[in-house]
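Chain by chain, the residues:
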Amino acid sequence: MVKMKSIVFLYAGFCTKSAFDKIFDSQSAFDRCIEWAGAVEFCSRIVVFASAVTKDSVEKAVAGKPDIQVEVQDEWNVAKVIEKMSALTQENECDFAVYSFADRPFLDNALTSEIISTHLKYIAEYTTADGYPSGFAPEVIDAGALKIMASFAAGVKKEEAEGFVLPGSLFEIMKGDINSFDIEAVIAPKDWRLLRFEFSVSQKIKREACVALYNAAKSENISFKAEDLSMLAERTESVHKTVPAFYNIQIARNCAVIDDFTPYAYQFKKKYGALPLKYGKGHGQRDMSLEDFTKIVSQIAEFSETAVVSLSGWGEPLTVDNIADYVSAVLSYTGLSVLIETDGVLLTPQIAESIANIAHIVPVREDKGPPVSWIVRLDAATEEKYAKMHINTSDFDEEGKSAFSKAKDAVAVLNSLFPGDVYPQFIRVNENEDELEQFYRYWHEKKSPSSGNLIIQKYDYFCGKQPDRKPADLSPLHRIPCWHLKRDMTILADGNVPLCREYVLESHVGNVLEEGLEAVWKKFNDRLSGHMKCQYEDKCELCDEYYTFNF
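Values in this document were obtained by computation on a predicted structure and should not be read as measured data.

A. Spotlight on the UniProt feature "domain: 4Fe4S-binding SPASM" (unreviewed entry) in the protein chain. The feature "domain: 4Fe4S-binding SPASM" (unreviewed entry), as given by UniProt, occupies residues 482-543 in the numbering adopted here. In the segment residues 482-543, helix accounts for 37% and strand for 18%; the C-alpha atoms at its two ends are 9 Å apart.

Below, the structure is given as structure tokens:
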């Protein structure tokens, strides 16, 4: 029998040191990764990729372990990782590489052995596990495949390979010619992917879930095998809900173009006596002040540490004259990024440039994502359909330029300044279903104004507030606890927080300006506890948004 030989590669090129915090009794996530790596079958050596930020922490953690090699770069990218893996695998005459991020405390040796066994049995070039929550399994890559991937990284996938190293980055490079690789997977006994767990310690939201799962496993005397931990995580509320990842903040009361498939404008009129129109002053309600917004953002940065902050809770954010100042307030924290959802008709090159000037000079975000992303609501492929689906487009028509043309032009203007981070959106309803394919084909083209980016959004009937106009039911066969209760917080212009966006302007659970963000977040717990027991009260019983997600 031929003796196989491999190298275990651990990526620790992070911009933070959270992987080295000893939060699992006397161990850190990195310590647990090293322990896992040492028990991997056929492992001839362990190689750790460290950054300038993590170098000292890595070297301290592996001191006195001669079989562990530390490779340091000030900053890694995907190409550098693949090139180094390929070179070391060939230099040491290894058959395959085993690769994982070094911030994953629950890598399972039994599952790893099964992956390696499958890899060897089927003479695969790439093998991992599928169906388990992220963070339990490594990737196993054939030495020859790594050599091919290195050539892709220097050629057809060069642009992607020069980007940040993220989970899944190596597989993305394989997509340069994915049909030429033999790929295998170990399939989990149950598909847990819909729960969207990611067991790493890279962000507070994930780190607290890891600690909760670790403590629950110890308390219930559960093994640290992937299947047992997956079942435990599924039933443990403190693993599901830690801190919010997405804050949907209403900085503007007024709208520009009003669509006819969300209830905000009419709820607003019912409550305040006038439609929230940009050119109307009849309702007397103020926008969220920059001072209040800055206070809230400060709380977000302290509580969640990393999060996406949307400026589009309700209303049109571009009606706020100093919107660039709101963007700047968010981006002053490296853990936070901005999402702006707009109908685009009020966008000017000056507004776009004022925001781009801020986004282009801020430090890299901790999650390596874009500082600012945009969604432009179109919901139609033609001017005629657009006019039918909005009640006041004529208010924004000018000689030679319709509201629809302005919205399309907004995509082009934004994508020139925020390339790759602009998404035209189509909310799918019965009335525009006949234009879905036309919309997709136009915007999906790389030559389109969005460079191929687009979003097809499910219609939300707001638990019966709106007519049921969805052309297809995409709901899962089995209901799961609501993603939005676990991850999202909607904050209205006065600081009030509804239980979720489905309540629009009703049923506030608290006010973050008066009570503090963390105190209000705890008020979501009782409703989530009901969901964990399959008990759905009030609007939750009618809701079909529970499985949709933002970030």
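B. Summary view of the sheet that holds strand E4 (residues 96-101). Strand order in this open sheet of seven strands is E3-E2-E1-E4-E6-E5-E7, and the pairing throughout is mixed. For this open sheet the edge positions go to strand E3 (68-72) and strand E7 (183-187), each flanked by a neighbour on one side alone. Here the average twist between neighbouring strands, direction ignored, is 25°. Of the pairings in the sheet, the one linking strand E1 (residues 6-12) to E4 comprises six bridges and is parallel in character. Each residue of the ladder has a partner; that of Phe-9, found in E4, is Tyr-99. Together, E1, strand E2 (43-50), E3, E4 and strand E6 (139-142) form the strand contacts of helix H3 (residues 78-91), whose direction differs from that of E1 by roughly 155°.

C. Representation of unusual backbone geometry in the model. Despite not being glycine, Asp-25 has its phi angle at roughly 60°, a positive value. With respect to the helices and strands, the residue Asp-25 is situated in the loop between E1 and helix H1 (29-38).

D. A look at the pairing of E2. Taken together, the seven bridges between E1 and E2 define a ladder with parallel strand orientation. Across the sheet, the residue bridging to Val-8 is Ile-46, located in E2. Both E2 and E3 contribute to a ladder of five bridges, which runs parallel. Bridge assignment links Ala-50 to a residue of E3, and that residue is Val-72. In terms of handedness, the path from E2 via helix H2 (residues 55-61) over to E3 forms a crossover that is right-handed.

E. Representation of the packing of aromatic side chains within the structure. This model, assessed by the stated rule, comprises 32 aromatic pairs. Seen from their ring centres, Phe-439 and Trp-443 are 6.2 Å apart, and the 50° between their planes marks the pair as tilted. Of the two residues, Phe-439 and Trp-443 are both situated in helix H17 (residues 436-444); the distance of four residues between them amounts to about one turn of the helix. The pair formed by Phe-439 and Trp-443 is uniform in burial state, with each residue classed as buried. Through a chain of ring-to-ring contacts, three or more aromatic side chains come together here, namely Phe-24, Phe-106, Phe-136, Phe-197, Phe-199, Tyr-214 and Phe-224. Here Arg-501 stacks its cationic end above the ring of Trp-314, 4.0 Å away from the centre of that ring. Sitting over the ring of Tyr-503, Lys-539 keeps its end group 5.6 Å from the ring centre.

F. Representation of the packing of H3 against helix H5 (residues 143-154) in the model. Across the interface, H3 lies against H5 with an axial gap of 9 Å and an inter-helix angle of 145°. As for how H3 packs across H5, the hand of that crossing is left-handed. When H3 is examined against H5, the residues Ala-79, Ile-82, Met-85, Ser-86, Thr-89 and Gln-90 are found in contact with a partner set consisting of Ala-143, Leu-146, Lys-147, Met-149, Ala-150 and Ala-153.

G. Structural view of a negative patch on the surface. The grouping of Glu-383, Glu-384, Asp-395 and Asp-397 at the surface amounts to a negative patch. Along the chain, Glu-384 turns up in helix H15 (residues 383-388).

Thresholds, definitions, all that
Residues numbered from 1 in each chain as written. Predicted model: local features only at pLDDT ≥ 70, side-chain atom pairs only at ≥ 80, totals over all residues. Heavy atoms only, no water. UniProt positions renumbered as here; feature names shortened; annotations may be inferred. Helix = DSSP H or I, 4+ residues; strand = E, 2+ residues; numbered from the N terminus. Pairing = 2+ DSSP bridges. Axes fitted to C-alpha atoms, helices over the stretch in contact; angles between N-to-C directions. Contact = heavy atoms within 4.5 Å. Right-handed = clockwise from strand over helix to strand, strands pointing away. Phe/Tyr/Trp six-rings, centres within 6.5 Å; stacked < 30°, edge-to-face > 60°. Buried < 20%, exposed > 50% of the residue type's maximum accessible area, 1.4 Å probe, protein only. Lys NZ or Arg CZ within 6 Å of the ring centre and 35° of its normal. Left-handed = near helix turned anticlockwise from the far one by under 90°. Patch = residues over 30% accessible without salt bridge, like charges linked within 9 Å, V, L, I, M, F, W, Y side chains within 5 Å. Areas by Shrake-Rupley, 256 points an atom, 1.4 Å probe, with all protein chains shown as cover. Salt bridge = Lys/Arg side-chain N within 4 Å of Asp/Glu carboxyl O. Lys, Arg positive; Asp, Glu negative; His and termini not counted. Charge placed at Lys NZ, Arg CZ, Asp CG, Glu CD.

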